[in-house]
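# Inside the fold
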Amino acid sequence: MFKKHTIALALSASFLLPGCLEVEDNNNDELISAIEEQNKATQEAETATLTGTVKNYVTDSLATNAQIQIKIGNTWSEAISLSDGMFELKNIPKHSDYVLLVTSTDGSFQQRAFYGNSGSGVSQLGSLSVTTTETIQFTALLDGENTPIKDLQFTYTTSLGLTDSTWQSRNEHFFSATYNEQTNLYSIEKPVGLGNAIALHIDMDVDNDAINDYELVQNYYNQSSVSFSTLNDDATILFKDTDVTQEYQLRVKVIDETGQVFSNIELVASSNDYESNPLTFDATENEYVYDFKGSSTLSVRMSAFTDVNGQNYLSDSFSVREVNGGLVVEGIYNQGNFQVEDGVVSVIFKANKGAQTTQVDLLSRTVNAMNNGYYLFFSKPIELTQDSISLVRRNSLTVIRGNESTTDSIPAGSTFFNRNDVDITTTSSMSLNDTFVEVLPEQALSVGRYKYRLNSVIDKETALDANYSFENEFMVADKAAFSIKDVKFDNNNGLKAGQLIHATNSAGVSVGSSSRSNDVNLYLPTSIASLAEFDITLTGYTRNGTMNPVYEELTIVSGEYIYNDSLRNLVSIALNETHYGDSGYAIKYTSLPDGLMYMHGLPWDVTYLDDNASGNVNTITFDYEYRVKGSKEVVTGSATVPVL
């Protein structure tokens, strides 16, 4: 299990409004107080209103050149100009997370985002402060050597949470530094007046292997950021190498069986299977050279080639990695040898002859989670055909309701579910003498499961087909940052707050009373794929106003493995709707929006709960802790969530 804490099983009168969520940082008193205040708020209005002003932080005057826009869900409104610095945004959905983005019509101040929840009624947000910026330059040096470090990423945010304590998990507004190769200086816009309260975050994982390659020297703000108060113009930030970082020079001599050196072939290095950083040839030593600094395994790929005598040689590869504080070369076996001395890894690598009858072997195949590309490395030069590589979306669900069209055969009062694989068009490119293939989708992939399939290629030497049956499945998750507020509990009974979600079916026939059971499950957003660890500990639940203690640990993500990996389609239909087709894995009577979510079962004593409604409280309380991939920070807190 992930890191655990001792948890007190405290009971509280947690009366929540339907559909709301309260999150706090391990302070039950504040949680109870917040809940009680919400219960006092009006429930009459169908929408909420946000009012406030925009002021210049330095002059404390209204910003007459401001404009504001709001984001609800994934939709931004049009920008509204504020001639007098005041705004009133009406018809905002109640209890909805929002983002307010304040920008300048004339570029006189830096944009700033404000995160909150609309609540109900009118929310007076007060003054939203904005400010100008000044450009500062600074240097990042390796302590003791004073050599510049050019591959760090410096970012900060001025975003502010207004009524939402977990806004950081949704924040997507950041400012970054740029690096000048000529001056060895970083430049960044510092917000005037706000800078001293803002931390500048430093990404020190240069090779993106989830291990920091540098550390800040002592006396800085913390392990991964510095305060703008210590970062004036011409400042210097000192770093040191981490213990896991390796720095060496790789020198490779490629020979034939007689010891003759090849000097005109392609060798590339990669620490992630996607990049191709070429090795340079040292004509004096007849060696290919690459300077490496990082903490991951380095892979070296050699393309297939033909020598001056017409002899074909096959593609090949080997890797360099750290073992017990030393460096070893793996993958050369009987094809050569290596030695490590004074920070130099010297490899003698014998190229492998290929005959005209040699089959085309697939040496590696990888899906890049960043761009959803497919990368393949072959033992010989190949050609692709139109059918060589395919990409499909797995089990894509099509839902057709009986009242959506008059031209289909779906009768009113019925909903048809059809599940099949959908073809996705791709583009392909080749390199390394046509032995390395990159395949990219032509369109952005929506959330779901996908599969690449390698069918066949053509051997360029023999013009014969080489047939395969290789598949790589992968998941495309929500790109939005994970938020604990996206964790939901639904009993899937066709009701929300005790009221029918659909009063009639698609034929207009009234539903009548509900007789479905109230079996509660935990529903999680696909953005949990961005987490390296995620645990939930159930600490209590309220059933029809009666509070009950419970202590149940649920491991959601561990070591990037998603437990009970039950990805479900959510499709809300009326209780008296007839459904047919392939609907077995669809959640059909949900209170949640249509889409994809992970479903996780609950312990037996928590599974049967009615809807949370006014006068009939049904909630679940839990502690949580999670860590985002590539981050050392563990986020913890507590939440009480209504049953939907």
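Predicted model only: the values in this text are computed from it and were never measured. Each chain has its residues counted from 1, following the order in which its sequence is written. Confidence filtering applies because this is a predicted model: local features only for residues at pLDDT of at least 70, side-chain atom pairs given and counted only at 80 or more, and all residues used for totals across whole chains, interfaces and linings. Each side-chain value is derived from all of the structure's non-hydrogen atoms; neither hydrogens nor water enter the calculation.

Take unusual backbone geometry next. Phi angles above zero are rare outside glycine, and Asn91 is one such case at about 60°. A relative accessible area of 60% places Asn91 in the exposed class. Backbone geometry places Asn184, a non-glycine residue, at a positive phi of 60°. Only DSSP runs of H or I covering at least 4 residues are called helices, and only runs of E covering at least 2 are called strands; the numbering of each starts at the N terminus. On the secondary structure map, Asn184 appears in the loop between strand 15 (178-180) and strand 16 (185-191). Under the scheme applied here, a residue whose accessible area is under 20% of the maximum for its type counts as buried, over 50% as exposed, and between as partly exposed, the area being computed with a 1.4 Å probe on protein chains only.

A few words now on the nonpolar core. Proteins that are soluble and globular tend to have nonpolar side chains buried together. Residues Ile528, Phe534, Ile536, Leu538, Ile620 and Phe622 are the most contacted members of the largest nonpolar core, which totals 31 residues. Secondary structure elements with two or more residues in this core: strand 46 (521-524), strand 47 (531-543), strand 48 (546-558), strand 53 (595-600), strand 54 (619-628) and strand 55 (635-642). The element contributing the most residues to this core is strand 47, with five residues. Here, two residues are considered to be in contact whenever any of their heavy atoms come within 4.5 Å of each other. Those residues in contact with Leu538 that lie beyond four places of it in its chain are Phe489, Val550, Tyr551, Glu552, Leu554, Leu602, Pro603, Val606, Ile620, Thr621 and Phe622. One finds Leu250, Tyr288, Leu298 and Val345 within the second-largest nonpolar core, a separate group that totals 26 residues. For our purposes a nonpolar core is just a set of buried Ala, Val, Leu, Ile, Met, Phe, Trp, Tyr and Cys residues, chained together by side-chain atoms within 4.5 Å.

Whether two aromatic rings pair depends on their centres lying within 6.5 Å, for rings of Phe, Tyr and Trp, where Trp uses its six-membered ring; planes under 30 degrees apart make the pair stacked, over 60 edge-to-face, and the rest tilted. Across all of its chains, the model carries 28 aromatic pairs by this definition. Here the aromatic rings of Phe305 and Tyr313 are separated by 5.0 Å at their centres, their planes lie at 10°, and the arrangement is stacked. Since its relative accessible area comes to 8%, Phe305 is described here as buried. Ring geometry for Phe534 against Tyr626: centres 6.0 Å apart, planes inclined by 90°, an arrangement best described as edge-to-face.

Moving on, we come to the side chain of Lys71. Mapped onto the elements, Lys71 comes out in strand 3 (residues 66-72). A residue is classified by how much of its surface remains accessible, and Lys71, at 12% relative accessible area, is buried. Polar side-chain contacts of Lys71 include one of 2.9 Å to the side chain of Glu172. A 3.5 Å cut-off defines polar contacts: any pair of N or O atoms within that distance qualifies, except that in protein one atom must be a possible hydrogen donor and the other a possible acceptor, and neighbouring residues in sequence count only when both atoms are side-chain atoms.

Our focus in this paragraph is the environment of Asp361. Along the chain, Asp361 falls in the loop between strand 33 (353-354) and strand 34 (362-368). Judged by relative accessible area, Asp361 falls into the partly exposed class, the value being 31%. C-alpha of Asp361 to C-alpha of Phe377: the two residues are 16 residues apart in sequence and 8.7 Å apart in space. With sequence-adjacent residues up to four places away left out, Asp361 is seen in contact with Phe377, Phe378, Ser379 and Tyr468. Within polar-contact distance, the side chain of Asp361 engages the side chain of Gln359 at 2.7 Å.

A word on the pattern of salt bridges. Each reported salt bridge corresponds to a side-chain nitrogen of Lys or Arg within 4 Å of a carboxyl oxygen of Asp or Glu. Applying the stated criterion across every chain, the model contains 18 salt bridges. Where salt bridges share partners, they join Arg251, Asp282 and Glu287 into one cluster.

At least two DSSP bridges between two strands are required for those strands to pair. Within the open sheet, the three strands sit side by side as 6-2-9. Their pairing is mixed. Two strands lie at the open edges of the sheet, namely strand 6 (86-93) and strand 9 (122-130), each paired on one side alone. Within the sheet, the average angular offset between the axes of one strand and its neighbour, ignoring direction, is 25°. Pairing of strand 2 (residues 47-56) with strand 6 involves six bridges; the strand directions are antiparallel. Residue Gly52 lies in a different strand from strand 6, and its bridge partner there is Phe87. To obtain each axis, a line is fitted to C-alpha atoms, and for helices this fit is confined to the stretch in contact; angles are then taken between N-to-C directions over 0 to 180 degrees.

Bringing the confidence of the model for the protein into the picture now. Of all residues in the protein, 90% have pLDDT values of 70 or greater, and the mean over the chain is 85. You can read pLDDT as the predictor saying how much it trusts each residue, on a scale of 0 to 100. Note on residues 1-28: pLDDT under 50 across the span, and 93 contacts to partners over four residues away in sequence or across chains. Note that residues 31-45 has pLDDT below 50 and, in this model, 22 contacts with residues that lie over four places away or in other chains.

Only one face of strand 30 (residues 326-330) is buried: it carries Leu327 and Val329, and the other face, with Gly326, Val328 and Glu330, is open. Pairing of strand 29 (residues 316-323) with strand 30, which is carried by five bridges, proceeds in the antiparallel orientation. Across the sheet, Val323 pairs through a bridge with Gly326, a residue of strand 30. A loop of two residues connects strand 29 with strand 30, the two strands running antiparallel in sequence, and Asn324 in this loop sits at a positive phi of about 55°.

Spatial ordering of the open sheet is given by 24-25-21-32-31, a layout of five strands whose pairing is mixed. Pairing within the sheet leaves two strands with one partner each, and these edge strands are strand 24 (280-282) and strand 31 (336-341). Along the sheet, successive strands turn relative to each other by an average axial angle of 25°, direction set aside. As judged from the three bridges shared by strand 24 and strand 25 (residues 287-294), these two strands associate in the antiparallel manner. Bridged to Asp282 within strand 25 is Glu287.

Residues form patches when they are more than 30% accessible in relative terms and have no salt bridge. Like charges link within 9 Å. Nonpolar side chains (Val, Leu, Ile, Met, Phe, Trp, Tyr) link within 5 Å. Note on areas: these come from Shrake-Rupley sampling with a 1.4 Å probe, and a residue is covered only by the protein chains present in the view. Note on charges: Lys and Arg go in the positive column, Asp and Glu in the negative column, and His and the chain ends are not counted at all. A single reference atom marks each charge: NZ on Lys, CZ on Arg, CG on Asp, CD on Glu. A contiguous patch of negative charge on the surface is contributed by Glu134, Glu189, Asp233 and Asp234. Among the structural elements, Glu189 can be located in strand 16.

Another point: the pairing of strand 53. The buried count for strand 53 comes to five of six residues, which makes it a mostly enclosed element. As paired elements, strand 46 and strand 53 share three bridges and run antiparallel to each other. Looking at strand 53, one finds that Leu522 is bridged to His600. In this sheet, strand 53 lies alongside strand 50 (residues 567-570) in antiparallel orientation, the contact comprising four bridges. Bridge pairing in strand 53 places Leu567 opposite Tyr598.

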